[in-house]
Amino acid sequence: DGGITQSPKYLFRKEGQNVTLSCEQNLNHDAMYWYRQDPGQGLRLIYYSQIVNDFQKGDIAEGYSVSREKKESFPLTVTSAQKNPTAFYLCAGSSSGAPGETQYFGPGTRLLVL
Amino acid sequence: RKEVEQDPGPFNVPEGATVAFNCTYSNSASQSFFWYRQDCRKEPKLLMSVYSSGNEDGRFTAQLNRASQYISLLIRDSKLSDSATYLCVVRAGTGGGNKLTFGTGTQLKVEL
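Let us look at the structure shown here. Not measured: the values here are computed from a predicted model. (Residues numbered from 1 in each chain as written. Chains lettered and ligands numbered in written order. Predicted model: local features only at pLDDT ≥ 70, side-chain atom pairs only at ≥ 80, totals over all residues. Heavy atoms only, no water.)

1. Some details on the interface of chain B and chain A
Here is step 1: Taken together, the contacts link 21 residues of chain B with 26 residues of chain A.
Here is step 2: Summed over both partners, the interface of chain B with chain A comes to about 1800 Å²; 53% of that surface belongs to carbon and sulfur atoms.
Here is step 3: Secondary structure elements with two or more residues in the side of chain B that touches chain A: strand E4 (30-38), strand E5 (44-50), strand E9 (84-92) and strand E10 (100-102) of chain B.
Here is step 4: The element best represented in the side of chain B that touches chain A is E4(B), accounting for 4 residues. (Contact = heavy atoms within 4.5 Å. Buried area = accessible area lost by both parts, 1.4 Å probe. Helix = DSSP H or I, 4+ residues; strand = E, 2+ residues; numbered from the N terminus.)

2. A short note on the packing of aromatic side chains
Here is step 1: What the rule picks out here adds up to 13 aromatic pairs over all chains.
Here is step 2: Aromatic side chains Tyr33(A) and Tyr48(A) sit 6.4 Å apart centroid to centroid with 20° between the ring planes, which places their arrangement in the stacked category. Linking Tyr33(A) in strand E4 (residues 31-37) with Tyr48(A) in strand E5 (residues 44-51), this pair joins segments that are 15 residues apart in sequence.
Here is step 3: According to the relative accessible area criterion, Tyr33(A) is buried, its value standing at 1%.
Here is step 4: With a centroid separation of 6.0 Å and 75° between ring planes, the pair formed by Phe105(A) and Phe102(B) is classed as edge-to-face. Taken together, the residues span two chains, with Phe105(A) in strand E10 (residues 104-105) and Phe102(B) in strand E10.
Here is step 5: Phe105(A) gets classed as buried once you look at its relative accessible area, which sits at 9%. (Phe/Tyr/Trp six-rings, centres within 6.5 Å; stacked < 30°, edge-to-face > 60°. Buried < 20%, exposed > 50% of the residue type's maximum accessible area, 1.4 Å probe, protein only.)

3. Focus on the pairing of strand E11 (residues 109-113) of chain A
All names here are of chain A.
Here is step 1: Across 4 bridges, strand E2 (residues 10-13) lies against E11 in parallel orientation. Bridge pairing in E11 places Leu 11 opposite Leu 111.
Here is step 2: Here strand E9 (residues 87-94) pairs with E11 via 3 bridges, running antiparallel. Looking at the pairing, Tyr 89 lines up with Thr 109 of E11. (Pairing = 2+ DSSP bridges.)

4. Some points on the state of the cysteines
Residue and element names in this part refer to chain B.
Here is step 1: The tally for this structure, following the rule as stated, stands at 2 disulfides over all chains.
Here is step 2: Across the disulfide, Cys 23 is cross-linked to Cys 88 (sulfur-sulfur distance 1.9 Å). Because the torsion about its S-S bond is -70°, the bridge between Cys 23 and Cys 88 counts as left-handed. With Cys 23 in strand E3 (residues 19-25) and Cys 88 in strand E9, this pair connects stretches of sequence that are 65 residues apart.
Here is step 3: The exposure class of Cys 23 is buried, given its relative accessible area of 1%.
Here is step 4: Taking the relative accessible area as the measure of exposure, Cys 88 reaches 0% and is therefore buried. (Disulfide = S-S within 2.5 Å.)

5. Re the sheet that holds strand E8 (residues 70-75) of chain B
Residues and elements named next belong to chain B.
Here is step 1: Taken in spatial order, the 5 strands make up an open sheet running E1-E3-E8-E7-E6, and their pairing is antiparallel. Each edge of the open sheet is held by one strand with a lone partner, namely strand E1 (4-6) and strand E6 (55-57). Between one strand axis and the next, the sheet turns through 20° on average, direction left out of account.
Here is step 2: Two strands pair when backbone bridges link them, and E1 and E3 are joined in this way by 3 bridges, in the antiparallel orientation. Bridge pairing links Val 4 to Tyr 25 in E3. (Axes fitted to C-alpha atoms, helices over the stretch in contact; angles between N-to-C directions.)

Now the structure itself:
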């Protein structure tokens, strides 16, 4: 099956712990994105990458880190510096990252703090 | 003022009804517009792009009014399966990659 996959579906984090969310795609997308969704709020952009080995901060990058070592993979690490990490995390991809291109989403990971 | 504003609803309509949602955006330089659909606890999925001349896809019609800075979505002959949250999405300007701004969504409930 083609598409964008995210794992795990649910993730639990203890206080002070770093956790990494996986995002993989086999659509040959150059651009990949990470969003966070909270109840009553629109999706907010955390980081995005338009090409391998390059990424840019989005609107709420503090407390998060990413890497883009391979075209297919764009993992997101939620660090202990992120004080309110409980949210629904969505990874997306688009073909080239050109303005106005449609973004396609993975199924998401729900992160809960214990 | 939020960059993209939507009435959160819920809109409760009977099956077969016609329902319309509006969305306003604040940045007059916005270039691209979309409607996404999001089912409960699922990822958003593209419903349709919105073009300047308006466009239709089956029972769905999208309109753009640049002068008043709003877009609309019309759903005719509503089905139970249309129940979902509809997200208004705007891409402002041409710089800074493909950054999209999402509205908080309008919830639609179609009832028997």
